[in-house]
Amino acid sequence: MTIAFTETTDPTGIEVYDSIEQRRLQIGASGTVSFDSIDPEQFCFPVDRTCRLETDALSFSQLYSVTVHDETGRTEANFDAGETTRLEDRPQFVGLSGPIKLYCRIDAAGTIDIGLTSIQISTDRETAIELGARSPHDQPVGTITTPPDIESVMEAVAALPSALKTDTAERTWPTLRGHPPLIELGDRFDVPDAVDLPDGDIALTVPPEFSSLYQAAPLAFFLGATIRPGSEPLLETPQFDHSLSTDRPFEDEIATLLKRFFLLDCLTRTEGVFQYELIERTALEDDLPFDLAETYDLSLPRRLERYLEVPFETIEPYIPRWPLTAHVPSTPESATLLPFIVNELGIVRDTSGRPPETPPQPATASSGLVRSTSTVRSTTVRSTSSLQDESAFVVPSVTDESVEHAWFGDAIPQQASKATLEAYQNQLDHREPEESIEILLVCNDARMIGEHDLLDETYGNRDLLPFEIHSEFGIDTTRLATLLSDGGYDFFHYIGHATEDGIRCSDDDLDVRTLESVDLGVFFLNACRSYEQGLALTRRGAFGGVSTYADVINENAVTAGQTMARLLNRGFPLRGALEIARTNAGLSDQYLIVGDGSTDIAQTDGGAPAIIELERTDDEIDFALRSYSTKEFKLGTATESTLHTVNDRHLSPGRTPSSEVTRESLDEYFTWTELPFVVDGELHWNDGIGPVTLS
């Protein structure tokens, strides 16, 4: 069982334990406890386990966001720290959002007191309080072992939807889509007891080939569908059959269906437990051939049938921007990648591509100081260290579908990231920093000290985030190897020189490939041709980072380093930070992500990270918000600005339509937010102090 309840005596109450996430929640309460409670299936919310308390008070020593729901689960109010509210003398649910999701069903009048570090719930009389707990399930519950034949792998992939917590439209909320179980290849087929095989009535028939199976996996996961082999691809439900054999490639058909079903379920969920305005619903509702409130109460097959009535061109402009497209080789080994891709509802495509029209070219020293090791001794000659030839590079056949296109195949991708299985696996046992975010800055060229000083100021400028910055200058290979292997840093930012064969140190080059392992989270190797070294970091323990294809000019590298640092500091994931830096800060295509592009080093002050896009008119200013998904705020999160003059709650990741705002309201907004903003295509930084300059 994922969630376990245990009585405690010090303090008196209950401990809730999440065996997947290894999290514990202490609840102080006097009275009697009964573990013979209602079935979780009969609870008003998706929960993993329930229990009952006879008490008149509950206390929580941690601060959680608090939501009050009526007896049917509909949201009535949300509360923050420092607020106090009364419960009425009728059945109500109190939802607490934290590392473990908890719901308290209370049928007596009482008071909720939300302090700065704790929460107290008291009732006017002793009463029965039902507790329901749910794991956020960000970690996989187990590992499925499968032989490498197509039939066995198909059976393993069909078990991934066991991580879904509901088949209602609410499963578009990230917290109701747990991490799928892992897959590994072995001699026999084995499914852990903790993995429940799908028992729904939806099935996908796909051709018995790895490419089709992998491409169908995200849709099968989202629908909770079983997978069957067959020559004619088909979506089957008790209500209808829908052919997947069209003039389009199979991968396009699957991607279109996934986007269609996801968006329309997002609209339908606004009639559910959490009712709220959504700009996508406002734009589309009048064009839908069905009523959303009525559709919410239908079974999944009946909802899907209605969704297929809507012309795709009607809804296409409002589909959230997909965070990930994964280009996956059609081999048995690629089955091990699917749980991580499906966890983001990533679109899967084959590894088809073309040679780049212009492969990366090394910079010349005449353009300025170049960050390659050959320029350390002489900056008057062209860099002579080797550069991969044109045949080593590939451009995926599709590059404009998602925020990140992750290339899992051979060759070095352009217009995509170089993803590695190890980068995802490295994060499975990672726990959040206990006290602070540990950052290592290494500057191995005295001429680049200015970049270090800029970064030292950048990483520490958020009062709410405890950064610990450790700086090293001109270190040798032994020292750098020790820092990487034993330092335990959350982020490593290197400033200096590199080649394919090593990172430049004071005595020689350190080849990361010679290290047994590294204890490192995210990295930014701001040096020439650091791709191979970045790749090696992910193979040996790192989560992901940014490297370069070829030589970069020092002046450009300084801008790149500071821009990426500021964006990561504000909670953007690697994929979002790199896109913004390329689009709005002149970051060259020489930089690419290696490893997991969704990884980050910090969390935002609230909600999904976003950037403001402004366009000046004669009298007013057009305001739009572009949001990005993260590991915490995945696809389907509802995001909005706090600018009170606009209604822009939207599905993240995505961009809102422009709204006219006054300079006065914008100045007030910038006083209370530190989001970066773009004016006329140029990136600006807001420190949240007074009006900003829009020129």
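Quick note: structure is the one above.
What counts and what doesn't
Residues numbered from 1 in each chain as written. Predicted model: local features only at pLDDT ≥ 70, side-chain atom pairs only at ≥ 80, totals over all residues. Heavy atoms only, no water. Helix = DSSP H or I, 4+ residues; strand = E, 2+ residues; numbered from the N terminus. Buried < 20%, exposed > 50% of the residue type's maximum accessible area, 1.4 Å probe, protein only. Contact = heavy atoms within 4.5 Å. Areas by Shrake-Rupley, 256 points an atom, 1.4 Å probe, with all protein chains shown as cover. Core = buried A, V, L, I, M, F, W, Y, C linked by side-chain atoms within 4.5 Å. Pairing = 2+ DSSP bridges. Right-handed = clockwise from strand over helix to strand, strands pointing away. Salt bridge = Lys/Arg side-chain N within 4 Å of Asp/Glu carboxyl O. Axes fitted to C-alpha atoms, helices over the stretch in contact; angles between N-to-C directions. Parallel < 35°, antiparallel > 145°, perpendicular 65-115°, else oblique. Nonpolar A, V, L, I, M, F, W, Y, C, P; charged D, E, K, R; others polar. Disulfide = S-S within 2.5 Å. Lys, Arg positive; Asp, Glu negative; His and termini not counted. Arc of directions from axis to C-beta.

Looking at the overall build of the protein chain
Assigned secondary structure in the protein chain consists of 15 helices and 42 strands. Projecting the C-alpha coordinates of the protein chain onto the three principal axes gives extents of approximately 80 × 60 × 60 Å. Across the 695 residues that make up the protein chain, the buried fraction comes to 59%. Long-range pairs, those at least 24 residues apart, make up 68% of the contacts in the protein chain between residues at least 6 apart in sequence. If you sum the accessible surface of the protein chain, you get close to 27,800 Å²; carbon and sulfur atoms cover 43% of it.

Considerations on the nonpolar core
Counting residues in each nonpolar core, the largest one holds 78 residues, and the members touching the most others are Val157, Leu204, Tyr214, Leu223, Phe261 and Phe408. Per element, the largest residue contribution to this core is eleven residues, and it comes from helix 3 (residues 250-268). The residues contacting Phe408, other than those within four sequence positions of it, are Ala326, His327, Val328, Pro329, Leu337, Ile341, Ala419, Thr420, Leu421 and Tyr424. Counting 36 residues, the second-largest nonpolar core is a separate cluster that includes Leu455, Phe572, Ile601 and Val678.

What to know about the pairing of strand 13 (residues 143-146)
Side chains on a regular strand alternate between the two faces of the sheet. Here strand 13 pairs with strand 14 (residues 182-185) via four bridges, running parallel. Of the residues in strand 14, the one forming a bridge with Thr143 is Leu182. For the handedness criterion, the β-α-β arrangement of strand 13, helix 1 (residues 150-157) and strand 14 is classed as right-handed.

Notes on the pattern of salt bridges
As enumerated under the stated definition, the model contains 36 salt bridges in all. With its nearest N and O atoms 2.4 Å apart, the salt bridge here joins Glu579 to Arg321. Here Glu579 is found in helix 14 (residues 574-584), whereas its partner Arg321 is found in the loop between helix 7 (312-315) and strand 19 (322-328), with 258 residues between them in sequence. Arg575 is the partner of Glu404 in a salt bridge, and the nearest nitrogen-oxygen pair spans 2.7 Å.

Section: the sheet that holds strand 22 (residues 393-396)
Read across the sheet, three strands follow the order 21-22-24 without closing on themselves; strand pairing throughout is mixed. With partners counted over all chains shown, the strands left at the sheet margins are strand 21 (353-354) and strand 24 (412-413), one partner each.

Examining the packing of helix 3 against helix 6 (residues 300-307)
Axis separation between helix 3 and helix 6 bottoms out at 10 Å; the angle between their running directions is 110 degrees. On the basis of their axis angle, the class for helix 3 and helix 6 is roughly perpendicular. Listed contacts from helix 6 to Arg260, Phe261, Leu264, Asp265 and Thr268 of helix 3 are Arg303, Leu304 and Tyr307. Considered class by class, the residues forming the contact of helix 3 with helix 6 number four nonpolar, one polar and three charged.

Some words on the pairing of strand 16 (residues 226-229)
Bridge analysis of strand 15 (residues 203-206) against strand 16 gives four bridges, and the strand direction is parallel. Residue pairing for strand 16: Ala203 is matched across the bridge by Thr226. After leaving strand 15, the chain enters helix 2 (residues 210-223) and then returns to the sheet as strand 16, a path that is right-handed.

What about the state of the cysteines?
As enumerated under the stated definition, the model contains zero disulfides in all. The thiol sulfur of Cys51 is not disulfide-bonded, and the nearest other cysteine sulfur, from Cys104, lies at 9.4 Å. The thiol of Cys528 is unpaired, and the distance to the nearest cysteine sulfur, on Cys443, comes to 14 Å.

With respect to the side chain of Lys418
Along the chain, Lys418 falls in strand 25 (residues 417-418). There is no salt bridge for the buried Lys418, and the closest opposite charge comes from Asp410, which lies 5.5 Å off by N-O distance. Excluding its chain neighbours within four sequence positions, the residues that come into contact with Lys418 are Trp407, Gly409, Asp410, Ala411, Pro413, Tyr531, Leu535, Leu592, Ile593, Val594 and Gly595.

Describing the environment of Val206
Residue placement: Val206 occurs in strand 15. Given the relative accessible area of 0%, Val206 is considered buried. Val206 sits 21 residues away from Ile227 along the chain, and the two C-alpha atoms are 7.2 Å apart. Aside from chain neighbours lying at most four places away, what touches Val206 is Met154, Leu213, Ala216, Ile227, Arg228, Pro229, Gly230 and Phe250.

Quick notes on the sheet that holds strand 15
Ordered in space as 16-15-17-18, the four strands form an open sheet in which the pairing is mixed. Two strands bound the open sheet, and with one partner strand each, they are strand 16 and strand 18 (241-243). Each neighbouring strand pair of the sheet contributes to a mean axis angle of 20 degrees, computed without reference to strand direction. The pairing of strand 17 (residues 234-236) with strand 18 spans three bridges and is classified as antiparallel. Paired with Leu234 across the strands is Ser243, a residue of strand 18. Contacting strand 15, strand 16 and strand 17, helix 2 runs over the sheet at an angle of about 175 degrees to strand 15.

Examining unusual backbone geometry
A cis amide bond, omega 0 degrees, links Ser652 with the succeeding residue Pro653. When you line up the elements, Pro653 lands in the loop between strand 38 (650-652) and strand 39 (654-655). A positive phi angle, close to 80 degrees, is found at Ala411, a residue other than glycine. Assignment of secondary structure puts Ala411 in the loop between strand 23 (402-407) and strand 24.

What about helix 11 (residues 477-486)?
Each α-helix turn comprises 3.6 residues. Residues three or four places apart therefore point the same way. Buried within helix 11 we find Thr477, Leu480, Ala481, Leu483 and Leu484. Projection of helix 11 onto a plane perpendicular to its axis shows the buried side chains occupying an angular sector of 165 degrees, all on one side. In helix 11, those exposed residues whose orientation departs by more than 90 degrees from the buried face are Thr478 and Asp486. Phi turns positive, to about 65 degrees, at Gly488, one or two residues after helix 11.

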